[in-house]
Amino acid sequence: TFDDMSGLLGRASGLLTRQLPRTSLHRVPQPHSALRLLCSSGSSSSDGDGDGKDGDVTAKRGELTSADEPVEATVVVTSEAESSESSLMSIDPSNISALPPVLVFPFPTRPLFPGVYQPAEVTNDALAKALLTVKASQLPYIGVFLPKEGHEEVSGGVGDLDASDDGAEVAEVIAGGTGDGGGGGSGVGGGSEETAVSGAADGALAPPAPLLDVASLHEVGTLAQVTRLTQTPRGVQLLLLGHKRVRLGRPVQTSPVILARVEEAADELDDAAGGGPSLSKAYAMEVMQTIKEILKLNPFFKEQMQMILERSEIHEAGKLADFGAALTTADAQELQEVLATLNVTARIEKTLLLLKKELELSRLQSQISKQVEDKISANQRRYMLMEQLKQIKKELGLERDDKDALLQKFADRIKELHVPEEASKVIDEEMAKIGTLESASSEFNVTRNYLDWLTSLPWGIHSEENFELSRAEKILAEEHYGLEDVKERILEFIAVGALVGSTQGKIICFVGPPGVGKTSIGKSIARALGREFYRFSVGGLTDVAEIKGHRRTYVGAMPGKLIQCLKATGAANPVVLIDEIDKLGRGYQGDPASALLEVLDPSQNASFMDHYLDTPVDLSKILFLCTANDSGTIPGPLLDRMEVVRLSGYILDEKMQIANQYLIPAAKKQMGLEEGTMQLPDDAIASLIRWYCREAGVRNLQKHVERICRKVALKVVQASQAAEAQAAEAAEEAGATGSAAPEG
């Protein structure tokens, strides 16, 4: 019956969802071209895996055909050969008004202009199958429309493809299998045997969700030809060629893909007639001039322009506007404004504005590129010249390789030194190791620093000592008053050295109140012995690494203070003053007091092992002087290794002698006072000590003496400046009197 045939046509096309009216049953009309477009060839666009579904459909149609109806009118959809020869009507694509509803292709990247090629990739299954059907038909045209702003993400599964490497030809899409691994594009909707677009007519399956709503697309788009289409594992890759501007009309189908009618959006010409000046022509000339300037700056546009010119003509102003807009990298919405502008003059004006922006961008890009190239060229030129100079010097014997020079420097350092056998073995091993390392490696820098410390130590170098007691006694008396116990102990040390012929290191600890001269006596002792002096304070010290050094595995590792002392003084027998030893701290890094046990033990420090050097170093020749305010806070094992010399406070007579002999002369010199400028009588000094400076030391007395000298300096400067001012006034008065005498 006609009712059954109408249902069959609805399932085959996916477009007819209702039965034909019974009044038209006397003759089956020619099926609509859109019906054949999406359903005439199911397996023809596949990779040869069709299962004969179309043959079955054709057989069913033949069985349902009535005997009194014309057969040629009933068999509407048969095989591909029949549909290509007799079933499809001959439709001219240039006559857009005669076109059937076309597939709407939402392209979110940028609008497609007429005459321009655009590669794209589709991963949406329904849209990919619809495109396969369109390509297999004799009318492979689709409508390309840009989604409105804010709807770009909705059109998922559609994207553009980059051009080929050389930019002259559009990228070849690689042929692959079907996206779903199945029947290779046998329809749009997929899932049913009849492969309907919007689902079976009986409504057994719900249609898939649409890609986009028609209202989400711009009204003006481009009718494009699918010139190439290839299936890939992800979907399909296609190459589109813009044909004409079209306006989106009434949708025929909205799910799973959109089918809609389109109408041509013709250009509007508003130039003056009668041979007058053409505004669009003037714009066209300026557009061509701007394109030429861009081509000089950006070679990419030259390749793109050649590709477009090979396939289109741009003599007309409207086509030139489309061509210029397609060349730019403007925003998609700005390009859509150009596409939607039907007035040729307004369109080419907008294109000119976009090209001017592109020209400024190309100029800025060219300027940045030139700056970078100039900088790289300058650096490369300098590098090449330095390498040539290095080779020339190497050939002339004026310079050796950096690594060879480094090894020679280390060898020269230890040439005159008496390096112990164990340390010498380590140095030889490290020098052999650094010769095999690359200069850019991190291990090379670690080894170089290690060798630098090993070869910088004063192996076997000792300061020349003076055993003359009178000289030592004179030096000690010049800088310190009193301290007889300390001076006597130093003289004993020198006397023993004179008898033995050499001195051994000792550990002496000065204990006394603040300000009695414990720290300053260290310099005097070093000067009296003729040795180098090094001082470091351990007050508040909590890190053992400050004493014994860091392991070389740590970044920024370095030896401890004692190894630094040997390198700084350049002698193996300096005088080392460890200040504030009673104020040692203790933290999570260890106990520094315990680390000092090895340093201050005469029986152990002959082979002191620093964590960084990891080789024995002799500290037995060092004279260690320690200072403390209270011996009760020094750990017992550490105090047991030191010889304690106690310094009591000064009495009134001693403070007066210290003030007259040391403090007052030093304060006058510091304040710039000349001899005779200030006289401080003994009774004034005694009153100052008795009533203002009654502590055990003389530090507070020194502050008061300096304060008195500052006040005297202020009075001296005030008096001097006042006298200079009076002299200047007198000179001015004398000059004025002399100039007035001749007038009288």
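Basis of the calculations
- Residues numbered from 1 in each chain as written.
- Predicted model: local features only at pLDDT ≥ 70, side-chain atom pairs only at ≥ 80, totals over all residues.
- Heavy atoms only, no water.
- Helix = DSSP H or I, 4+ residues; strand = E, 2+ residues; numbered from the N terminus.
- Buried < 20%, exposed > 50% of the residue type's maximum accessible area, 1.4 Å probe, protein only.
- Contact = heavy atoms within 4.5 Å.
- Areas by Shrake-Rupley, 256 points an atom, 1.4 Å probe, with all protein chains shown as cover.
- Axes fitted to C-alpha atoms, helices over the stretch in contact; angles between N-to-C directions.
- Nonpolar A, V, L, I, M, F, W, Y, C, P; charged D, E, K, R; others polar.
- Pairing = 2+ DSSP bridges.
- Core = buried A, V, L, I, M, F, W, Y, C linked by side-chain atoms within 4.5 Å.
- Salt bridge = Lys/Arg side-chain N within 4 Å of Asp/Glu carboxyl O.
- Arc of directions from axis to C-beta.
- Patch = residues over 30% accessible without salt bridge, like charges linked within 9 Å, V, L, I, M, F, W, Y side chains within 5 Å.
- Lys, Arg positive; Asp, Glu negative; His and termini not counted.
- Charge placed at Lys NZ, Arg CZ, Asp CG, Glu CD.
- Expected span 1.5 Å × (residues − 1).
- Parallel < 35°, antiparallel > 145°, perpendicular 65-115°, else oblique.
- Left-handed = near helix turned anticlockwise from the far one by under 90°.
- Phe/Tyr/Trp six-rings, centres within 6.5 Å; stacked < 30°, edge-to-face > 60°.
- Disulfide = S-S within 2.5 Å.
- 1 Å grid on protein atoms, 1.4 Å probe; cavity = no way out; pocket = protein on both sides within 12 Å on 5 of 7 lines; lining within 4 Å.
- Points joined across faces, edges and corners; volume = space filled by probe spheres on them.

### What about the overall build of the protein chain?
Step number 1: When its secondary structure is counted, the protein chain shows 24 helices and 14 strands.
Step number 2: Expressed as a percentage of the 744 residues in the protein chain, the buried residues total 44%.
Step number 3: Counted over contacts in the protein chain with a minimum sequence separation of 6, partners at least 24 positions apart contribute 77%.
Step number 4: Counting every atom, the protein chain has about 38,900 Å² of accessible surface; 51% of that belongs to carbon and sulfur.

### Focus: the packing of helix H14 (residues 442-456) against helix H19 (residues 561-569)
Step number 1: It is the contact of H14 with H19, at a shortest axis distance of 9 Å, that shows an interaxial angle of 60°. On H19, the residues that touch Asp452, Trp453 and Ser456 of H14 are Ile563, Gln564 and Lys567.
Step number 2: Classifying every residue of the contact of H14 with H19 gives two nonpolar, two polar and two charged.

### Side note on unusual backbone geometry
Step number 1: With omega at 0°, the peptide bond leading from serine 255 into proline 256 counts as cis.
Step number 2: With respect to the helices and strands, the residue proline 256 is situated in the loop between strand E6 (236-253) and strand E7 (259-264).
Step number 3: Positive phi is not limited to glycine here, since aspartate 614 has a value of about 55°.
Step number 4: Positionally, aspartate 614 belongs in the loop between strand E11 (608-609) and strand E12 (616-617).

### So, the sheet that holds strand E14 (residues 643-646)
Step number 1: With parallel pairing, the five strands of this open sheet are ordered in space as E9-E10-E13-E8-E14. Pairing within the sheet leaves two strands with one partner each, and these edge strands are strand E9 (533-537) and E14. Neighbour-to-neighbour, the strand axes of the sheet open up by a mean angle of 20°, direction not taken into account.
Step number 2: H19 rests against E9, strand E10 (575-579) and strand E13 (623-628) of the sheet, and its axis sits at about 150° to E9.

### Things to note about the nonpolar core
Step number 1: Judged by nonpolar contacts, the single largest core of 54 residues is most densely connected at Ile578, Ile581, Leu600, Leu613, Phe624 and Met642.
Step number 2: Leaving out residues up to four positions away in the same chain, leucine 613 has contacts with Tyr450, Trp453, Leu454, Leu457, Arg552 and Ile563.
Step number 3: In terms of nonpolar packing, the next biggest core, distinct from the first, is built from 43 residues, Val575, Leu623, Ile658 and Ala686 among them.

### Description of the pattern of salt bridges
Step number 1: For the structure shown, the criterion picks out 24 salt bridges.
Step number 2: When the shortest N-O distance is used, the salt bridge between glutamate 443 and lysine 433 registers 2.7 Å. Of this pair, glutamate 443 sits in helix H14 while lysine 433 sits in helix H13 (residues 421-434); the two residues are 10 residues apart in sequence, bridging distant segments of the chain.
Step number 3: A relative accessible area of 34% places glutamate 443 in the partly exposed class.
Step number 4: The class for lysine 433 is partly exposed, based on a relative accessible area of 32%.
Step number 5: Among the salt bridges present, the one from arginine 641 reaches aspartate 601, with a minimum N-O distance of 3.4 Å. With arginine 641 in the loop between helix H21 (636-639) and E14 and aspartate 601 in the loop between helix H20 (592-599) and E11, this residue pair connects regions lying 40 residues apart in the sequence.
Step number 6: Since its relative accessible area comes to 26%, arginine 641 is described here as partly exposed.
Step number 7: Judged by its relative accessible area of 11%, aspartate 601 is buried.

### Overview of helix H23 (residues 682-692)
Step number 1: Listing the buried residues of H23 in full gives Ile685, Ala686, Leu688 and Ile689. Taken end-on, H23 shows its buried residues confined to a sector of 160°, consistent with a single buried face. For H23, the exposed residues set more than 90 degrees away from the buried face come down to Asp683, Trp691 and Tyr692.

### Notes on a negative patch on the surface
Step number 1: Side chains of Glu473, Glu484, Asp485, Glu488 and Glu492 sit close together on the surface and give a patch of like negative charge.
Step number 2: In terms of residue count, the dominant contributor to the negative patch is helix H16 (residues 484-500) (four residues).
Step number 3: Along the chain, glutamate 488 turns up in helix H16.

### A word on the side chain of threonine 351
Step number 1: Along the polypeptide, threonine 351 turns up in helix H11 (residues 344-396).
Step number 2: Among all residues touching threonine 351, those that are not within four sequence positions of it are Ala321, Gly324, Ala325 and Val338.

### Observations regarding H16
Step number 1: Taking 1.5 Å per residue, 17 residues should reach 24 Å; H16 reaches 24 Å between its end C-alpha atoms and fits that length.
Step number 2: Of the residues making up H16, those classed as buried are Val486, Lys487, Arg489, Ile490, Phe493, Ile494 and Gly497. When H16 is viewed along its axis, its buried side chains cluster within an angular range of 165° and face the same direction. H16 presents Glu484, Asp485, Val496 and Leu499 as exposed residues on the side facing more than 90 degrees away from its buried surface.
Step number 3: In this structure, the buried residues of H16 make contact with helix H15 (469-479), strand E8 (507-511), helix H17 (520-529), E13 and E14.

### Here's the deal with the packing of H13 against H14
Step number 1: Two elements in contact, H13 and H14, have axes separated by 10 Å at closest approach and are oriented at 150°. Classified by the angle their axes make, H13 and H14 are roughly antiparallel. H14 is crossed by H13, and the crossing has left-handed handedness. Contact residues: Val426, Ile427, Glu430, Met431, Lys433 and Ile434 in H13; Glu443, Phe444, Thr447, Arg448, Tyr450, Leu451, Leu454 and Thr455 in H14.

### Section: a positive patch on the surface
Step number 1: A contiguous patch of positive charge, built from Arg707, Arg710, Lys711 and Lys715, is present on the exposed surface.
Step number 2: Take lysine 715: it is sitting in helix H24 (residues 699-740).

### As for a nonpolar patch on the surface
Step number 1: A grouping of Leu364, Ile368, Val372 and Ile376 is seen on the molecular surface, where their side chains present a nonpolar patch of about 330 Å² in accessible area.
Step number 2: Positionally, leucine 364 belongs in helix H11.

### Focus: the environment of glycine 560
Step number 1: Topologically, glycine 560 is positioned in the loop between helix H18 (545-548) and H19.
Step number 2: For the pair formed by glycine 560 and histidine 611, sequence separation is 51 residues and the distance between their alpha carbons is 8.2 Å.

### Things to note about the side chain of glutamate 706
Step number 1: Here glutamate 706 lies in helix H24.
Step number 2: Buried and unpaired, glutamate 706 has no salt bridge, with arginine 710 as the nearest side chain of opposite charge at 4.5 Å.
Step number 3: Apart from the residues lying within four places of it in its own chain, the contact partners of glutamate 706 are Ala667, Gln670 and Met671.

### Structural notes on the packing of aromatic side chains
Step number 1: This model, assessed by the stated rule, comprises three aromatic pairs.
Step number 2: For the pair tyrosine 450 and tyrosine 612, a centre-to-centre distance of 6.0 Å together with 75° between the ring planes defines the contact as edge-to-face. Residue tyrosine 450 is located in helix H14, and its partner tyrosine 612 is located in the loop between E11 and E12; the two are separated by 162 residues in the primary sequence. Per residue, the accessibility class of tyrosine 450 equals that of tyrosine 612, and both read buried.
Step number 3: Seen in terms of ring centroids, tyrosine 534 and phenylalanine 536 are 6.3 Å apart; in terms of plane orientation they differ by 50°. Their pairing is tilted.
Step number 4: Looking at tyrosine 534, the relative accessible area reads 16%, which means it is buried.

### Let's talk about the state of the cysteines
Step number 1: Inspection of every chain in the model, using the stated rule, returns zero disulfides.
Step number 2: Distance from the sulfur of cysteine 626, which forms no disulfide, to the nearest cysteine sulfur (cysteine 509) is 5.4 Å.

### Some details on the layout of surface pockets
Step number 1: Counted as a void, the largest pocket has a volume near 650 Å³.
Step number 2: Taken together, 28 residues line the largest pocket, and the ones lying closest to its centre are His480, Gly517, Ser520, Val698 and Gln702.
Step number 3: Taken together, the elements giving at least two residues each to the lining of the largest pocket come down to H15, E13, helix H22 (652-671) and H24.
Step number 4: Element by element, the count of residues in the lining of the largest pocket is highest for H22, at six residues.
Step number 5: Across the lining of the largest pocket, the residue classes tally to 12 nonpolar, nine polar and seven charged.

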